[in-house]
Amino acid sequence: VTASAVEGQRPGLMFFGFNAAAIPFNGGTLCVQPPLARTAIQFSNGTQNSCTGNYAYDFQGLIQSGSNPFLMVGSDVFAQYWFRDPPDAFGVGLTNGIAFQILP
């Protein structure tokens, strides 16, 4: 799962869940229904103070690890990145949401 055109050199994380949502959240829209699981913090690459950063997360590795028993074949997953964005009025940003189904 990737996110692009985000603020460069900023911390962020991906969160995911098993239902869609459209909840106002920090000046954006939270597209994943709580309860949420989240990844470890990662830093975007790119240039600071420009939208040249991106994030990437190996979701297949997470599924194969077996650490989340809800990530099984047939599960619908909804995910979204949250990241620091100092120029924003709320100081954070959200990507668009993504939905996918885990296949065998």
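Below is a short write-up of the structure.

The rules behind each value
Residues numbered from 1 in each chain as written. Predicted model: local features only at pLDDT ≥ 70, side-chain atom pairs only at ≥ 80, totals over all residues. Heavy atoms only, no water. Core = buried A, V, L, I, M, F, W, Y, C linked by side-chain atoms within 4.5 Å. Buried < 20%, exposed > 50% of the residue type's maximum accessible area, 1.4 Å probe, protein only. Helix = DSSP H or I, 4+ residues; strand = E, 2+ residues; numbered from the N terminus. Phe/Tyr/Trp six-rings, centres within 6.5 Å; stacked < 30°, edge-to-face > 60°.

## Topic: the nonpolar core
- Phe16, Tyr55, Phe59, Leu71 and Val77 are the most contacted members of the largest nonpolar core, which has 14 residues in total.
- Breaking this core down by element, the ones donating at least two residues are strand E1 (2-6), strand E2 (11-17), helix H1 (59-65) and strand E8 (76-84).
- It is E8 that provides the largest number of residues to this core, a total of 4 residues.
- One finds Leu13, Phe78, Trp82 and Val92 within the second-largest nonpolar core, a separate group that totals 7 residues.

## Observations regarding the packing of aromatic side chains
- Enumeration over the complete set of coordinates arrives at 7 aromatic pairs.
- Seen from their ring centres, Tyr55 and Phe83 are 6.5 Å apart, and the 40° between their planes marks the pair as tilted. Of this pair, Tyr55 sits in strand E7 (residues 53-56) while Phe83 sits in strand E8; the two residues are 28 residues apart in sequence, bridging distant segments of the chain. This pair shows no difference in class: Tyr55 is buried, exactly as Phe83 is.
- For the ring pair Tyr57 and Phe59, a centre distance of 6.3 Å and an interplane angle of 75° mean the geometry is edge-to-face.
- What makes Phe59 buried here is its relative accessible area of 5%.

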